[in-house]
Amino acid sequence: GTMDVGVRHVKNGSLGSNTSEISGNNTTSKLIIRGNEELGNGLSAGFYLDATILGDTGQAGAATPAGQLWDRRSTVSVASKTLGELRLGRDWVPTHLVWTSMDPFSTLGIAGANSFRNFAASRALGQAFGALPDAQQANPTLRVSNAIEYFLPSGLGGFYGQLVVTLDERGTTAAGSTKGRGFRLGWAGKGLDVGAAQFTTSNATGGENFKDQVYGAGYDFGFARLSLAQRRWVFGPDRSVNTLLAAQIPAGPGFVKLTYLRLDQKGATAAQSANDAHLIGAGYVYNLSKRTALYAHASRISNDGAASFAVAGGPAVSGNPAAANYFGGQRSTAYELGLRHDF
Amino acid sequence: GTMDVGVRHVKNGSLGSNTSEISGNNTTSKLIIRGNEELGNGLSAGFYLDATILGDTGQAGAATPAGQLWDRRSTVSVASKTLGELRLGRDWVPTHLVWTSMDPFSTLGIAGANSFRNFAASRALGQAFGALPDAQQANPTLRVSNAIEYFLPSGLGGFYGQLVVTLDERGTTAAGSTKGRGFRLGWAGKGLDVGAAQFTTSNATGGENFKDQVYGAGYDFGFARLSLAQRRWVFGPDRSVNTLLAAQIPAGPGFVKLTYLRLDQKGATAAQSANDAHLIGAGYVYNLSKRTALYAHASRISNDGAASFAVAGGPAVSGNPAAANYFGGQRSTAYELGLRHDF
Amino acid sequence: GTMDVGVRHVKNGSLGSNTSEISGNNTTSKLIIRGNEELGNGLSAGFYLDATILGDTGQAGAATPAGQLWDRRSTVSVASKTLGELRLGRDWVPTHLVWTSMDPFSTLGIAGANSFRNFAASRALGQAFGALPDAQQANPTLRVSNAIEYFLPSGLGGFYGQLVVTLDERGTTAAGSTKGRGFRLGWAGKGLDVGAAQFTTSNATGGENFKDQVYGAGYDFGFARLSLAQRRWVFGPDRSVNTLLAAQIPAGPGFVKLTYLRLDQKGATAAQSANDAHLIGAGYVYNLSKRTALYAHASRISNDGAASFAVAGGPAVSGNPAAANYFGGQRSTAYELGLRHDF
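Residues numbered from 1 in each chain as written. Chains lettered and ligands numbered in written order. Predicted model: local features only at pLDDT ≥ 70, side-chain atom pairs only at ≥ 80, totals over all residues. Heavy atoms only, no water.

### Structural notes on the overall build of chain A
Next up, step 1: Per the secondary structure count, chain A includes four helices and 18 strands.
Next up, step 2: Radius of gyration (C-alpha) of chain A: 20 Å, near the 20 Å computed for a compact globule of 343 residues.
Next up, step 3: C-alpha extents for chain A along the principal axes are approximately 65 × 50 × 40 Å.
Next up, step 4: Taking the contacts inside chain A whose residues are at least 6 apart along the sequence as the reference set, 55% of them involve residues at least 24 apart. (Helix = DSSP H or I, 4+ residues; strand = E, 2+ residues; numbered from the N terminus. Rg over C-alpha atoms; globule rule 2.2 N^0.38 Å. Contact = heavy atoms within 4.5 Å.)

Structure below.
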């Protein structure tokens, strides 16, 4: 597992600033219990339980639904060295796996590549999954329950891949259910990693299919690892397209991380299509050991049009022009310092 | 602990069918933390914490009451080799221990002997504990909180037994409290296991005593273990009597399981007394190792009169003739496939 | 961790008595996961996760807020042998650490020194934090979230100390947030332990500062350890002052514990100032081993004026003269027996 707690300061334009203690900026704070059993003949069985910890308050698991302790992963699987792995339970969606592998910030903290994964401000996500907590929990851009997964075996010359189907069990997204299907395919070797994935949800609010697509490539030049990736959320006329350009540069007993993330949105109207945003971020991770590190991150989100994205932890913002805390077109600036310890 | 996840398909008569991913069909998915300390002079102390896991979604513990993580068992005890064991906390009720020992399906999955343990459709349970989640949680046909238990020592020539008292703490069943008392007594040896148990609840809804009684016998003939048991739930004029005839037959690297379960209900009116049902079930467990198995189960529930029992996981059913999904007298057919891994 | 479950009987004056099963009377039932890593050069890193268990029902963590599993402690830290320790997360407040170190009952059970820590009956606490569960959870007389702490290193000739700041993150106490600052300072050696601490909350309900102050001394005379301590809760014109005189006396394979706790209250009116109370308590802990013990406690709370303090676990009491269960000025008498097992 991991315990990672930091202190974050966020200034949201004219709305002022706030300082808070936040968990999981460098690595998600979590408790993992897992195991593996060799069955002979190249077969093995395994289980994996993974629970988020909010180290600042002691909360564990998901807030919604209540009681979902093993919110990150809860799986049982049987694997063959030649035929691949069959896995059942709750797991990451394939699109997230490709996306986070291209982000030196691992989609975490103030400069992570999920900074525009926001139900209120991203058109495609908001239209597909609405404002209800249960429906937002069903949004499978991170993790999904009731999954049946197949993974390719290793030893295919660097190719990796998976298929996934999830059951809605006659439930709706409003009730936290996801009817989905997707895949991931990639190749890794010689410093290069290229991957693509898609996950399609059929019971999103409103009846349309929600499509989550990602592709990207990373290459390790030795002095730095550069990565370029794009993730698209599509629902009816709405789309939110994240483009990531990032670098991780070894420096002293750690490394420097740089990121540029751009969001292009398209909606039914020109005003909706103007709600773009971008983020620039930088960080340094100072390794005290393999397991323990100090880190410092800085980032800034700039909104176009009426876009109202902000770094989490600042004063609450609204995308509604009539609200007192309307934030459209403003900038959110943040830095954070913290301590991460793996166990 | 255990992780057990399977895929289940249920067809509920005219209401259609549903496919879902379900946890704990062969063995309950759970996390156990326990320990024992030798104190000398034949004395020992121990603790036992046992939490349900819903492997398909990552939920842990009970849904009601919220926060009851160690919902299966939470006990501390001191034991003497000659005098027996004193145990305090939350534990199984004695009636369940006898009942599940007679069921090759361990009361789990689509063919388990608790298939008629249903508050809406079983008269005695429904009348005693009503429809409130807290009261249903207080229903002690499975587990009970605030228990003070005494267990006979081993080494009594095969006899085993226990006494249990539970405190309601001035609470009502509607608030999740149980005032109960019960016992278990049996003998095991030479392939035979006979047992009987009773647990009586004094603060059930409506003021009457709720009685849970079970007795049964199992014998291992070598080619098969056969068992015959009966469990009676009695509350005022209402009674629900479960009769179980089951067999477990070694076959190849596993065993075949067969079960026949019949429910006889008696209520204040002839119509209520006609609401009987029966279940037939079969399964095969294929052991990949001592810890890991694949399993396949099939079962069918047939309802008489207006009885509306159904295998869990299918379309929702109602016992109300005015409801659109009225299910009285129909059949529920199911099969499931899954993977179980102990750790 | 620990499992500690006992049976308690409480008689609340004219309101009658109640028997219940209660967890954590000698030592809090809990599950701890922690670790430490040597980093070299006298540096180390560590984490600490600590979750309450209610052994009688299987509940884990805090009831409010829901999902706060690691309610007792959730921290990550980096420490230097010469410079001290920096710690982030949820932790004990410094005042509690001094207070509990002076109490042979460790503030637990029917005779613990927190018996007058009651929101309904203590004026200062009630006025500062009100009746909302979230605000009461924010009351930092026990533990506090979002803490940034500095601890003095050991090796300062017996001196120990800490500084703590907690962030409210723009939240109010009503929403469970605490804006606080405090310290602890003491000296221990040669059988003597003297300590003082203060924790001030700036966003308590009503806008005033809430002050929690404690000082005390304990000395081990060999035949007994005696301690004398005082804890003051101050909010505007209201103050609740706890004075503790206690002894722990080795006797046979365990020890006797004696306590006298007095509460002096002062409010805006003479009637409020008359609501004092005191508790006398005694107990014996019989050690079966280093890890396991049986214990028996007895105590009595006597109320003056309209004070309505009672031992937890009895019939519900009210401080409202118009209520049917008005308890002002009455006595609460209790005893408890239990089993504690550390693991």
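Structure's up, so let's keep going.
### Considerations on the pattern of salt bridges
All names here are of chain A.
Next up, step 1: A complete count under the given rule lists 33 salt bridges over all chains for this structure.
Next up, step 2: A salt bridge links aspartate 238 to arginine 123; the nearest nitrogen and oxygen atoms lie 2.9 Å apart. Of this pair, aspartate 238 sits in strand E14 (residues 238-250) while arginine 123 sits in helix H2 (residues 123-129), and the two are 115 residues apart along the sequence.
Next up, step 3: Looking at aspartate 238, the relative accessible area reads 4%, which means it is buried. (Salt bridge = Lys/Arg side-chain N within 4 Å of Asp/Glu carboxyl O. Buried < 20%, exposed > 50% of the residue type's maximum accessible area, 1.4 Å probe, protein only.)

### Re the interface of chain A and chain C
Next up, step 1: Counting residues at the interface gives 29 residues for chain A, matched by 28 residues for chain C.
Next up, step 2: Counting every contact that joins chain A to chain C gives zero salt bridges.
Next up, step 3: Here chain A is connected to chain C by 11 residue pairs in polar contact (both at pLDDT 80 or more).
Next up, step 4: The greatest single-element share of the side of chain A that touches chain C, amounting to five residues, is contributed by strand E2 (residues 17-23) of chain A. (Polar contact = N/O pair within 3.5 Å; in protein donor to acceptor, adjacent residues only side chain to side chain.)

### Looking at the interface of chain B and chain C
Next up, step 1: Across the contact, 28 residues belong to chain B and 29 residues belong to chain C.
Next up, step 2: Both sides of the chain B and chain C interface together cover about 2,300 Å² of buried area, and 64% of this is carbon and sulfur.
Next up, step 3: Run the count over chain B and chain C and you get zero salt bridges.
Next up, step 4: Linking chain B to chain C there are 11 residue pairs in polar contact (both at pLDDT 80 or more).
Next up, step 5: Looking at the side of chain B that touches chain C, the elements with two or more residues in it are strand E3 (30-40), strand E4 (43-54), strand E6 (73-80), strand E7 (84-92) and strand E8 (143-151) of chain B.
Next up, step 6: Top contributing element to the side of chain B that touches chain C by residue count: E6(B), with five residues. (Buried area = accessible area lost by both parts, 1.4 Å probe.)

### Comments concerning the relation of the copies chain B and chain C
Next up, step 1: At an RMSD of 0.0 Å, chain B and chain C line up after a rotation of 120° and a shift of 0.0 Å along the axis. Each copy turns onto its partner about a three-fold axis. Looking at the rotation axis and the C-alpha trace of chain B, the residue lying nearest is B:Gly67, at 4.0 Å.
Next up, step 2: The share of interface residues of chain B whose copies in chain C are also at the interface is only 4%, consistent with the copies meeting through different surfaces. (Least-squares fit on C-alpha atoms with pLDDT ≥ 70 in both.)

### Things to note about helix H1 (residues 94-101) of chain C
Next up, step 1: The buried fraction of H1(C) is high, at six of eight residues.
Next up, step 2: If you check which residues of H1(C) are buried, you get C:Pro94, C:Thr95, C:His96, C:Val98, C:Trp99 and C:Thr100.

### Regarding the nonpolar core
Next up, step 1: With 48 residues, the main nonpolar core has A:Leu69, A:Trp70, B:Leu69, B:Trp70, C:Leu69 and C:Trp70 as its most contacted residues.
Next up, step 2: Leaving out residues up to four positions away in the same chain, A:Leu69 has contacts with A:Asp50, A:Ala51, A:Thr52, A:Ala60, A:Gly61, B:Gly58, B:Gln59, B:Ala60, B:Leu69 and C:Leu69. (Core = buried A, V, L, I, M, F, W, Y, C linked by side-chain atoms within 4.5 Å.)

### Topic: a nonpolar patch on the surface
Residues and elements named next belong to chain A.
Next up, step 1: Where nonpolar side chains cluster on the molecular surface, the patch consists of Tyr150, Leu152, Leu156, Phe159, Leu163, Phe183 and Leu185 and spans about 620 Å² of accessible area.
Next up, step 2: Secondary-structure elements contributing two or more residues to the nonpolar patch are strand E9 (159-166) and strand E10 (180-189).
Next up, step 3: The residue leucine 152 is located in the loop between strand E8 (143-151) and E9 in this model.
Next up, step 4: The partly exposed category is assigned to leucine 152, whose relative accessible area is 33%. (Patch = residues over 30% accessible without salt bridge, like charges linked within 9 Å, V, L, I, M, F, W, Y side chains within 5 Å. Areas by Shrake-Rupley, 256 points an atom, 1.4 Å probe, with all protein chains shown as cover.)

### Some thoughts on the pairing of strand E6 (residues 73-80) of chain C
All names here are of chain C.
Next up, step 1: With eight of eight residues buried, E6 is to be regarded as a mostly interior element.
Next up, step 2: Burial along E6 is two-sided: the residues Arg73, Thr75, Ser77 and Ala79 and Ser74, Val76, Val78 and Ser80 are all buried.
Next up, step 3: As defined by bridge partners, strand E4 (residues 43-54) adjoins E6 across eight bridges and the pair is classed as antiparallel. Following the sheet pairing, tyrosine 48 is matched in E6 by threonine 75.
Next up, step 4: Sheet analysis places E6 next to strand E7 (residues 84-92), joined by seven bridges and oriented antiparallel. What sits directly across from valine 76, in E7, is leucine 88.
Next up, step 5: If you look at the hairpin formed by E6 and E7, you'll find three residues sitting between the two strands. (Pairing = 2+ DSSP bridges.)

### Here we look at the environment of A:Ala60
Next up, step 1: The topology assignment puts A:Ala60 in strand E5 (residues 59-60).
Next up, step 2: Separated by 11 residues in the primary sequence, A:Ala60 and A:Asp71 have C-alpha atoms spaced 8.9 Å apart.
Next up, step 3: Excluding residues that lie within four positions of it along the chain, A:Ala60 makes contacts with A:Thr52, A:Ile53, A:Leu69, C:Gly67, C:Leu69 and C:Trp70.

### Focus: the side chain of B:Arg231
Residues and elements named next belong to chain B.
Next up, step 1: With respect to the helices, strands and loops of the structure, arginine 231 is situated in strand E13 (residues 225-235).
Next up, step 2: At 2.8 Å, the side chain of arginine 231 and the backbone oxygen of threonine 141 are in polar contact.
Next up, step 3: Among the polar contacts listed, one links the side chain of arginine 231 to the side chain of aspartate 212, at a separation of 2.8 Å.

### Details of unusual backbone geometry
Next up, step 1: The linkage connecting B:Thr64 with the following residue, B:Pro65, adopts the cis geometry, with an omega of -5°.
Next up, step 2: Positive phi, normally seen in glycine, also occurs at A:Arg170, with a value near 65°.
Next up, step 3: Of note, A:Arg170 is situated in the loop between E9 and E10.
Next up, step 4: A positive phi angle, close to 60°, is found at C:Asn41, a residue other than glycine.
Next up, step 5: Tracing the backbone shows C:Asn41 in the loop between strand E3 (30-40) and E4.
Next up, step 6: On the accessibility criterion, C:Asn41 (81% relative accessible area) is exposed.

### Details of the pairing of strand E10 (residues 180-189) of chain C
All names here are of chain C.
Next up, step 1: Judged from the eight bridges that link them, strand E9 (residues 159-166) and E10 form a sheet pairing that is antiparallel. Paired with leucine 163 across the two strands is phenylalanine 183, which belongs to E10.
Next up, step 2: As paired strands, E10 and strand E11 (residues 192-201) are joined by 10 bridges and run antiparallel to one another. For phenylalanine 183, the partnering residue across the bridge sits in E11 and is glutamine 198.

### What about the packing of aromatic side chains?
Next up, step 1: As enumerated under the stated definition, the model contains 15 aromatic pairs over all chains in all.
Next up, step 2: Summarising the aromatic geometry, the rings of C:Phe221 and C:Phe223 are spaced 5.9 Å apart at their centres and angled 40° between planes, so their arrangement reads as tilted.
Next up, step 3: A relative accessible area of 44% places C:Phe221 in the partly exposed class.
Next up, step 4: Note on C:Phe223: relative accessible area 59%, which makes it exposed.
Next up, step 5: Taken together, the ring pairs in this structure connect A:Tyr219, A:Phe221 and A:Phe223 into an aromatic cluster. (Phe/Tyr/Trp six-rings, centres within 6.5 Å; stacked < 30°, edge-to-face > 60°.)

### Quick word on the side chain of C:Ser302
Next up, step 1: Tracing the backbone through its elements, the reader meets C:Ser302 in strand E17 (residues 292-303).
Next up, step 2: Non-local contacts of C:Ser302, meaning those with residues more than four positions away in its chain, are made with C:Asp276, C:Ala277, C:His278, C:Gln330 and C:Arg331.

### Observations regarding the environment of B:Val7
Next up, step 1: Within the secondary structure layout, B:Val7 lies in strand E1 (residues 2-12).
Next up, step 2: Placed 16 residues apart in sequence, B:Val7 and B:Ser23 show a C-alpha to C-alpha distance of 8.7 Å.
Next up, step 3: When neighbours within four sequence positions are excluded, B:Val7 is seen to be in contact with A:Ile148, B:Thr19, B:Ser20, B:Glu21, B:Tyr335, B:Glu336 and B:Leu337.

### Digging into the environment of A:Asn146
Next up, step 1: As for its position among the elements, A:Asn146 is in strand E8.
Next up, step 2: As a C-alpha pair, A:Asn146 and A:Thr200 span 54 residues in sequence and 15 Å in three-dimensional space.

The values are spatial; any link to function lies outside them.
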